[in-house]
Amino acid sequence: MSEPTPPTSGDTSTTPAQAPATGRIPHGPFRPGDQVQLTDPKGRINTITLQPGKQYHSHKGSIEHDTIIGSHEGTVFRSSGGVEYLAFRPLLSDFAVRMPRGAAVVYPKDAAQIVAQADIFPGARVIEAGAGSGALSCFLLRAVGEHGLLSSYERRPDFADIARANVEKFFGGPHPSWKLTVGSLEDSLTETEVDRVVLDMLAPWETVDAVAKALVPGGLVCAYIATTTQMSRIVEELRGHGAFAEPYAFETMLRSWHVEGLAVRPDHRMIGHTGFLVTARRLADGVTPPLRRRRPAKGAQPDTATAPATDGAPAADTAPATPGDGES
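## Quick notes on helix H4 (residues 135–144)
Consideration 1: In terms of burial, H4 is largely enclosed, as 9 of its 10 residues are buried.
Consideration 2: Those residues of H4 lying buried are Ala135, Leu136, Ser137, Cys138, Phe139, Leu140, Leu141, Ala143 and Val144.
Consideration 3: In the segment just after H4, glycine 145 is the residue with positive phi, at about 75°.

Structure (structure tokens):
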């Protein structure tokens, strides 16, 4: 996630060229300019950009680019050293974890949850705060499509340059649905009536007021944070703001499996904690969220919130309702 540093005086907003479509074609025969993943028998991957007349060189021999151009994905090529390589175009998940980085990238397992849990749909108007290295921007642009809008804000000009280069490299040029602004969200936000807001930044609670003003009723904010203290603070800020329904906080972990005949077991390594996600829906203006029916643990709320009623009846819960909580 990108570090929040003050914007420079040269902050600008850049809008992509009005192109009818992005230049990258993710199917069909290999073409000059395509990125290709060459995978050796041990599963090691080398990514090249096809150029007529060029060669891929390694200690296992060379492969002519002209041999690959015009072939279909899933073809095997033999190097001059006799080693076979399997050729595919890189998937977005492959590109994201190998792209040049300024800030840390959002891993595919978290990007997939953001697209799903934030319900990013074709044609959506989405704000992203913290473009970082552009990995999440690529996933969001895939989701909104060419008829949606992704407006990304990045405080650091150097990170913005890296994000722009990575997005344009993956899509083969400027994406028609992307607008990148160098500056802080709370100071530079101009969009209104947006459907979704994704916050990938150090202090997302600082933007809650701006986010509430930008979102349509029923819209959704999704914050991606690294630590439990950040998670606690953004959840409490959303609860206390008054414009959002009860937040939902979670994380995902990914474990691959080793499968060889009857030898089936989980791999010894897994992608564990990378970040937490917090989502919350925007309420209609003037609406007060219903009271939570689940009683908070002792010490979770100020003493005044759980003080007994004077008539001897149990104290009423005062926090907003949690989705899915039933009657006790």
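## Here we look at the sheet that holds strand E6 (residues 75–78)
Consideration 1: An order of E3-E2-E7-E6 is seen for the 4 strands of this open sheet, with the pairing classed as antiparallel. The strands lining the two open edges of the sheet, one partner per strand, are strand E3 (45–49) and E6. Between one strand axis and the next, the sheet turns by 35° as a mean value, whatever way the strands run.
Consideration 2: Inspection of the sheet shows strand E2 (residues 35–39) paired to E3 by 5 bridges, in the antiparallel sense. Looking at the pairing, threonine 39 lines up with isoleucine 45 of E3.

## Some remarks on the layout of surface pockets
Consideration 1: Empty space within the largest pocket amounts to approximately 200 Å³.
Consideration 2: What lines the largest pocket is Ser93, Asp94, Val97, Tyr107, Pro108, Arg269, Met270 and Ile271.
Consideration 3: In this structure, the second largest pocket occupies an estimated 160 Å³ of space.
Consideration 4: Every residue lining the second largest pocket is counted, 13 residues in all, and those nearest its centre are Arg24, Gly33, Asp34, Gln35 and Lys169.
Consideration 5: Taken together, the residues of the lining of the second largest pocket break down into 4 nonpolar, 5 polar and 4 charged.

Conventions we followed
Every chain begins its residue count from 1, and numbering advances along the sequence as written. The model is predicted, so local features are restricted to residues of pLDDT at least 70 and side-chain atom pairs to those at 80 or more, both for listing and for counting; the totals for chains, interfaces and linings are taken over all residues. With hydrogens and water excluded, all non-hydrogen atoms of the structure serve as input to the side-chain values. A simple rule labels every residue: compare its accessible area, found with a 1.4 Å probe on the protein chains alone, to the largest value its type can have, and call it buried under 20%, exposed over 50%, or partly exposed in between. Only runs of H or I of at least four residues qualify as helices and only runs of E of at least two qualify as strands under DSSP, and these elements are numbered from the N terminus. Whether two strands pair depends on DSSP finding at least two bridges between them. Orientation is described by lines fitted to C-alpha atoms, with helices fitted over the stretch in contact, and by angles between N-to-C directions that extend from 0 to 180 degrees. Using only the protein atoms, space was sampled on a 1 Å grid; points where a 1.4 Å probe fits but cannot get out form cavities, open sets with protein on both sides within 12 Å along at least five of seven lines form pockets, and lining residues are those with an atom within 4 Å of a point. Grid points are joined across faces, edges and corners, and a volume is the space filled by probe spheres set on the points. Gly counts as polar in this scheme, as do all residues outside two lists: the nonpolar Ala, Val, Leu, Ile, Met, Phe, Trp, Tyr, Cys and Pro, and the charged Asp, Glu, Lys and Arg.

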